[in-house]
Amino acid sequence: MTDQQADLAPMPEDWQRCLAIVAHPDDLEYGASGAVAAWTDAGREVAYLLVTRGEAGIDGIPPEHAAAIREREQQASAAAVGVRSVEFLDHQDGVIEEGLALRRELARAIRRHRPELVVTLNHHDTWGPGSWNTPDHRAVGRAALDAVGDAGNRWIFPELVGEGIEPWNGVRWVAVAASPYPSHAVDVSSTLDRAIASLAEHRAYIEEISDRDPVAYARELLTGFAREAAARFGGRLATTFELVSL
Ligand SMILES: [Zn+2]
């Protein structure tokens, strides 16, 4: 093993509850859901919070129809990796505003779920050199990182305490999926098939962007990502995160 092969550290495992906060249906399925399956296999609780229903994601299906389809597909993809709790906020897909209103909603969810680990999607400007990220991912990722602090401070959004929602300052890490600066990884060798099944559940979306069968599309893509990560994780198929410790 070379130094380069070992440069991703294993994710911490001394935790019980995770809340994953992302903008759209399918955001967690392009890699992170393999880790989610490993976590639920180990008896940990993982809940999903989607800020939109991804209704603007399919050119051929108007948003008023796409929302219900994508919500159903997200429920099925969560079930494929052992997640039963899937909640949706009612932001409009494509035009999520980063700001106090979103931070308040995310802080409320963090206080209710009381996670030790928060997962979100890449909040950086790009996916890597030359590949621009989208505004919803930036807004939600940054708001999720900010909301962890908000959730722990009773004097920020005091109206939440008025609703009977007490502060929660037990979040120890935020793990950013699909970050261009990964620091940690989770072995997905025993869960890759379920990760593939979870992505393939987003059938309406995959049929929009690809001519391939959804399972074949998901298998090729996620196997490629997992092999890329393996080169930096001792040869083990993996999915990566940028870990922010708090
Ligand atoms: Zn997305």
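Preceding block: the structure.
For the structure given in this document, a descriptive report is provided here. Keep in mind that what you see is a predicted model, and the values were worked out from it rather than measured. (Residues numbered from 1 in each chain as written. Predicted model: local features only at pLDDT ≥ 70, side-chain atom pairs only at ≥ 80, totals over all residues. Heavy atoms only, no water.)

## Notes on unusual backbone geometry
Part 1: With a phi angle near 90°, D26 is a residue other than glycine that sits in the positive phi range.
Part 2: Position of D26 among the secondary structure elements: in the loop between β2 (17-22) and α1 (32-41).
Part 3: Of note in the backbone geometry, F157 takes a positive phi value of approximately 55° without being a glycine.
Part 4: Note on placement: F157 falls in the loop between α4 (135-152) and α5 (158-162). (Helix = DSSP H or I, 4+ residues; strand = E, 2+ residues; numbered from the N terminus.)

## Brief notes about the coordination of the zinc ion
Part 1: The protein atoms donating to the zinc ion are H24 (ND1), D27 (OD) and H137 (NE2), with metal-donor distances spanning 2.0 to 2.1 Å.
Part 2: All donors to the zinc ion come from one chain, and their sequence spacing reads H-x2-D-x109-H. Taken together, the residues span a long stretch of sequence, with D27 in the loop between β2 and α1 and H137 in helix α4 at a distance of 110 residues. Across the pair, exposure class does not vary: D27 and H137 are buried alike. (Donors = N, O, S within 2.8 Å, 3.2 Å for Na, K, Ca; no water. Buried < 20%, exposed > 50% of the residue type's maximum accessible area, 1.4 Å probe, protein only.)

## A word on the packing of aromatic side chains
Two descriptors summarise a pair of aromatic rings, namely the distance from one centre to the other and the angle between the planes of the rings.
Part 1: Per the counting criterion, the structure on display carries two aromatic pairs.
Part 2: A ring pair is formed by W39 and F241, whose centres lie 5.9 Å apart and whose planes are at 25°; its orientation type is stacked. Within this pair, whereas W39 is found in helix α1, its partner F241 is found in strand β10 (residues 238-245), the two being separated by 202 residues in sequence.
Part 3: Owing to a relative accessible area of 5%, W39 belongs among the buried residues under this scheme.
Part 4: Residue classification places F241 among the buried positions, given a relative accessible area of 0%.
Part 5: Linked through ring pairs, W15, W39 and F241 together constitute an aromatic cluster.
Part 6: A cation over a ring is seen here: R44 above W15, with NZ or CZ 5.0 Å from the ring centre. (Phe/Tyr/Trp six-rings, centres within 6.5 Å; stacked < 30°, edge-to-face > 60°. Lys NZ or Arg CZ within 6 Å of the ring centre and 35° of its normal.)

## So, the packing of helix α3 (residues 100-113) against α4
Part 1: In contact at an axis separation of 8 Å, α3 and α4 are set at 55° when each is read in the N-to-C sense. By the criterion of interaxial angle, the relationship of α3 to α4 is oblique. At the point where α3 passes α4, the crossing takes the right-handed sense. From α3, L102, R103, L106, A107, I110 and R111 reach across to α4, where they touch A139, V140, A143, A144, D146, A147, V148, D150 and A151.
Part 2: Of the residues belonging to the contact of α3 with α4, the class tally is eleven nonpolar, no polar and four charged. (Axes fitted to C-alpha atoms, helices over the stretch in contact; angles between N-to-C directions. Parallel < 35°, antiparallel > 145°, perpendicular 65-115°, else oblique. Left-handed = near helix turned anticlockwise from the far one by under 90°. Contact = heavy atoms within 4.5 Å. Nonpolar A, V, L, I, M, F, W, Y, C, P; charged D, E, K, R; others polar.)

## Side note on the layout of surface pockets
Part 1: The space that makes up the largest pocket amounts to roughly 500 Å³.
Part 2: The wall of the largest pocket is formed by 22 residues, among which A178, S179, F225, E228 and T240 lie closest to the centre.
Part 3: Taken together, the elements giving at least two residues each to the lining of the largest pocket come down to α1, α6 (192-200), α8 (214-230) and β10.
Part 4: Ranked by residue count, the leading element in the lining of the largest pocket is α8, at five residues.
Part 5: Along the lines of polarity and charge, the residues of the lining of the largest pocket split into 15 nonpolar, five polar and two charged. (1 Å grid on protein atoms, 1.4 Å probe; cavity = no way out; pocket = protein on both sides within 12 Å on 5 of 7 lines; lining within 4 Å. Points joined across faces, edges and corners; volume = space filled by probe spheres on them.)

## Overview of the sheet that holds strand β5 (residues 117-121)
Adjacent strands of a sheet form backbone hydrogen bonds with each other and so pair up, either parallel or antiparallel.
Part 1: In space, the eight strands of this open sheet follow the order β1-β9-β10-β8-β5-β2-β3-β4, with mixed pairing throughout. In this open sheet, the two edge strands, each paired with only one partner strand, are β1 (9-10) and β4 (85-88).
Part 2: Against the sheet, helix α2 (residues 63-79) touches β3 (45-50) and β4, its axis set at about 155° to β4. (Pairing = 2+ DSSP bridges.)

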